[in-house]
Structures are given as structure tokens and as C-alpha cells.
Amino acid sequence: MITQRFSRVRRDDRGVDRNWLLWLTIAALALYTLNLDGTALRDWDEATVAQVAREIANAPIESLTWLFPTLQGEPYWNKPPLLHWAIALCFRLFGEGEWTARLPGALCGALTAPALYVVVRELWPRRLEAMLASTIFLTWLPVVRHGRLAMLDAAIGLFFVVAIGFTLRSRRDLRYSLGLGVAIGLMCLTKGLLGICLGGLLMVFLVWDTPRLLRQPWFWYGIGTGSIPAWSWYAMQFQRYGSEFASKHLGEQAVDRLVTSVESNGGSPEYYVFELLKYGWPWLLFAVPGMIWAWQNRKFSWGKLLIVCGLGYGLIISAMQTKLPWYVLPLYPVLAIAAGIRLGDLWQSGHITGMPIAVDRRYPHIWALGLGGLATGMVSLLGYELLAFAEGRPLLLTWHVQVTVACLAMTFGLAAWRVARRDLQFILVLVWGTYISLLSFVTSNQWNWELNENYPVRPAAEFVRQAIPPDRPLLVLDAYPRPSLAYYAERPIAVVAPDDREQLYEKWQVQPELCVLAPVERAVTLRELVRDSDISGTFVRSQDWIAVCRASLSDGAPE
């Protein structure tokens, strides 16, 4: 009788978990896939990844371009092609566009939230901590925004969380080491040496938590067997390219980022602290106390895991000389677990019977002050927009974003009031309020706000496709290359700085069929180029762009 009752409880318990996973997945898919095609692809990573995927999708299978990827016809050394394969498959199945380019990464980002739920259920005996950690991760702005892009970081986040889960399971069943090997291999096929780095952190955790596991031959056999596809791909690259692959892929694209500032993307050691301070709200208020609590409970497995993966990875990226904002993303699952465990302990201490009730224990003042400050900032931004509208000045935000800011102002204000009253329902207010706000935000075209830093790329690419024959070499006057322009124009495009007249004149002299593209405000530069070089050219222009070619254009007329 007791056995039957215990069995029924376990079945009910698993049913609750399945229901949570289902609803969490639905909520994540809605947030990650809505309005994916609302903006153009971003420079650099998005356009580059999409271009590599396009060349894989358009090449015959027997050409082996899928195995040895190319960028504008040249070997692509930057990253392994796992996500490029997925995007190329989407191009083949559903056609080419922003939505299909971003879909594989968005699916990886969406699935990370339920995967994190499973991991915390393995790590912590109560379901509450898993519910909180997964919903916190789902409603974190940097995670959602980068997870919706055609970049590699959402996939890395998913594989890292899966690797953590298999690491925890391997401690009581060595068969799960095979899954750990697969997860590490997928990370290596996505971002190369980063997979070794994150896998190494998990090994450090096992050295501290379960050292006996590392002495089991079957554990290493499982890891080695699971990661065979990754090592096979690397072996084939070495076989085809030899030392050139080592110097380009492992040297310039991996090791150099550790010791040098690649493409001037450098920063101080505290660079990522400021990144978290810029975009980590509101959950950073609870993640930091959670990490401190993990240190105080470092004798437990969950404390060891958070310290090794959080502090260890943070130190690694801080020591790297190349710094980019998205390098910090693998920290967010760890911080979400820390915040979830901290809030779960607070929730449990409230003696909950059906609904949370106020408790006598005072909450940290920084929580109320932080949430109140965020609410004040949101209200101030809305006030500025209202004043600008009254004075007839241009508005900073679209109406979608104004709705988002209004939702955040109400969410943070109500949560601050609940915290001040020591009411545990502030957690529910924050979760629901930030989720609804993010839903509103991703429906706008400002969720990918970096596109506003430069000219719209799609009209420029349309002018190039219509006005300049595809067999002509093309040069654009710009401060730096834009891979997105080359992607949308469907051709390679070289760049010369507008003030570098010497290089511009040299290329005009030596390339007989060269075309030069420039914004209309630099039309004088092109006219002087033709006049001073004594080489005739044909001009074609649109409202915003002008191009000159050394040979006559069949669809153009002299200006």
C-alpha cells in the first residue's frame, strides 16, 4: 500500500514537471520567434554567418562546401559550421531571409530555459528553485536579445546548460558521460576552443565535488565517444588545409583573442562588470546575493558549481584581451540559478500555504532602492518623450517601445512597493511584468538597436543590385566594411576610407572595370576622381547613393 502511494506521488510529481516544461517552452518560443524578420541582419556576426550558410545551401552536396565552408568563395576560418549547417538547412527548406537565418539560434535560445529547469531540478530538491531560475533566465534582456540573432551564442548557452545537466547526472550514472561528451563536442563545433574552456570548467567542478568520477575509465570513454564528431571535423580540416588551418582557425581566431585585442575590440579587466551593470537589471539585484550565498554554501554541490562556472568563466573572459559584449552570455545561466536559489529560499521562508504572505524578515534595502530607481528612470524617459511630443521634436522611441517602458515602470514601481511591504508577491510581479514588457519590445523594430548606428543597408544593397552589374569589382567609400551590405547585395564589396584619396586613386587606375559606390553627399569626391585621373566614367545615382564605373553601364546613363 505504501509502495503504491509513493509510486503515485512520483507519477504526479513528474506530471507537474512535464506541465511546467510545456508552458515554459511555449512562453519561450513566443518570446524568441516573434518578429524575427522585423529588422535587417546585423554587422558583423549575423551577416557573416548568413553568408556562409548561403554558400553552403547553394553549393552542391558533392562539392563538400558544407564540410569545408567558404566565405565569398574563400575558406572560412573563423568558427566551426554547426549553426551554419542549421541555417543552411532552413534556407533550403523555407527559403532565404532574416526569419530563416535567425530561426536556429532563436530555437536554441528558447530551449535553454526548459533545459535550465531540468538542470536545477537535478541540482536542488525543490521544484520552486527550478521554476524561478528558468523564468528569470527567460526574462533577462541580453539573453533574449542576443538569442534572437543569427549568432552562435544562443547555441553555446544551450549546449553549456545541457553539459551541466549531464555532468550532474554522470555523478550517479556513468552512461550520462556520453551525453556530456556530445554536449562538449557540440560546443566545439559551434565556437571552437570555447567548448574546451567551458568543458574544462565542468571538469574543475568535478575535481572539487566528485573526484572519484575522474578516476573512472568509463567516464572518459563516454566523453571521448560522444565528442567524436567534433574531433573528426577538426581532423578533416587539418588533413585538407594542414598548418594553415592551425594558424588561421586556432591561432588568429582563438589564441590571438586571448593575448591580443583583435580588430581593436579591447577593454579593461572590469569591462564585463560594466556590461552586467548596463543590462543585467532587474535580476542582478538578486543574482549577486545568490552568488555570495553560493560562496557561503560552497560545501554543497550547487555552491561549488556556481563558484566554478560563474567566477571561473568571469575571470577567463576578464583576462582575455579581446572583449565583446556577447562573450558574457554564458554567465547568465549561472547567474539565473543563483538568483533563483536566493529567491527560492526567501519564498520558502514565508511559510507559504497556497499564496505567499508577508514575512517579518526585512528585505535588503538595496532591493527596494534598486527597483525604485529603475521605475524612476522609466518614468523619466516617458516624461522626456511626452515633452518632446508637446514641443514637436523627434521622438526617441516607437510606440511599441513606449508601451514597453510604461510596462517596466509599472512593474518596477509595484515590485518596489511590494518589497518595502515585505510581500513575497514582488517576485511574481517582476516575472510577469518583465515577460510582458519583453513581448512588447520584440514586436518593435528597435530590439536590434545597433542598426540605427549606420545607414539602412537594404536600400543601399537594392541600388547596387539594380545599378551595378554583378561581374564588376565594387568599392564603397565607408569608414569600415559592412558584411551586411555584401550579403544583401549578393557580391563581395571592398572598402576604402573616404579620406584615403591615395588608395582610392590607385585602385581606380589599376582596375579597369572598377565601380565605386558612395553616399550622395560624397558625389563631389567621385567627380573629382574621374576628372583628376583623366579616366572617363559613367555615373548612376539614386536618392541616397551614387556610383561611378569605368566602363559604360547598359542600364545607366551619363550624369
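Here the structure is shown first, and the text comes after it.
In what follows, the accompanying structure is described. Only a predicted model underlies this, so the values are computations on that prediction, with no experimental measurement involved. Residue indices begin from 1 for each chain and proceed along its sequence in written order. For this predicted model, a pLDDT threshold of at least 70 governs which residues receive local features, and a threshold of 80 or more governs which side-chain atom pairs are given and counted, while totals over whole chains, interfaces and linings are taken from all residues. Processing note: side-chain calculations cover all non-hydrogen atoms of the structure and skip hydrogens and water entirely.

Axis angle and axis distance: for two packed helices, these are the angle between their axes and the distance between the axes, and together they describe the pair. Geometry is summarised by axes, namely lines fitted to C-alpha atoms with helices restricted to the contacting stretch, and by angles between N-to-C directions that run from 0 to 180 degrees. Numbering of helices and strands starts at the N terminus; helices are DSSP runs of H or I of at least 4 residues and strands are runs of E of at least 2. In the contact formed by helix 7 (residues 153-170) and helix 8 (residues 176-191), the axes pass within 8 Å of each other and the chain directions differ by 160 degrees. Between helix 7 and helix 8, the angle is such that the two are roughly antiparallel. Of the two possible hands of crossing, helix 7 and helix 8 adopt the one that is left-handed. Residues D153, A155, I156, F159, F160, V162, A163, F166, T167, R169 and S170 of helix 7 form the contact with helix 8, whose own contacting residues are Y176, S177, G179, L180, A183, L186, M187, T190 and K191. Polarity classes work like this: nonpolar for Ala, Val, Leu, Ile, Met, Phe, Trp, Tyr, Cys and Pro, charged for Asp, Glu, Lys and Arg, and polar for all others, with Gly in that last group. Among the residues forming the contact of helix 7 with helix 8, the class breakdown is 12 nonpolar, five polar and three charged. Should an angle fall under 35 degrees it is taken as roughly parallel, and over 145 as roughly antiparallel, whereas 65 to 115 is taken as roughly perpendicular and any remaining angle as oblique. Should the near helix be turned counterclockwise from the far one by less than a right angle, the crossing is left-handed, whereas a clockwise turn marks it as right-handed. Here, residues are in contact when the closest pair of their heavy atoms is within 4.5 Å.

What follows is about the nonpolar core. L138, W140, L202, F286, L343, W367 and F426 are the most contacted members of the largest nonpolar core, which has 165 residues in total. Residue contributions to this core peak at 12 residues, all from helix 16 (residues 331-348). The contact partners of W140, leaving out residues within four places of it in the chain, are Y279, G280, W281, W283, L284, A287, Y332, L335, A336 and L438. With 17 residues, the next largest nonpolar core counts L477, A518, F539 and V548 among its residues. To define a nonpolar core, start from buried Ala, Val, Leu, Ile, Met, Phe, Trp, Tyr and Cys residues and group those joined through side-chain atoms within 4.5 Å. Burial here depends on accessible area, computed with a 1.4 Å probe over protein chains only, as a share of the maximum for the residue type. Under 20% is buried, over 50% is exposed, and the range in between is partly exposed.

It is worth spelling out the environment of Q402 at this point. The residue Q402 is located in helix 18 (residues 399-420) in this model. Exposure remark for Q402: the relative accessible area of 23% places this residue in the partly exposed category. Along the chain, Q402 and M378 lie 24 residues apart, while their C-alpha atoms are 9.6 Å from each other. Residues within four places of Q402 in sequence aside, it is in contact with L382, E385, L395 and L397.

Here the focus is the environment of L158. By secondary structure assignment, the location of L158 is in helix 7. Between the C-alpha atoms of L158 and F463, which are 305 residues apart in sequence, the distance is 39 Å.

If DSSP finds at least two bridges between two strands, the strands pair. Strand order in the open sheet made by the five strands is 4-3-5-7-6, with mixed pairing throughout. Edge strands, defined here as strands with exactly one partner in the open sheet, are strand 4 (494-496) and strand 6 (538-541). The mean angle between the axes of side-by-side strands here comes to 25 degrees, regardless of whether they run parallel or antiparallel. Note that strand 3 (residues 474-477) and strand 4 share three bridges and pair parallel. Bridge pairing in strand 4 places L477 opposite V496. On the sheet, helix 23 (residues 523-533) packs against strand 3, strand 5 (515-519), strand 6 and strand 7 (545-549) and is oriented at approximately 10 degrees with respect to strand 7.

Note that every value here comes from positions in space, so none of it alone points to a role or purpose.
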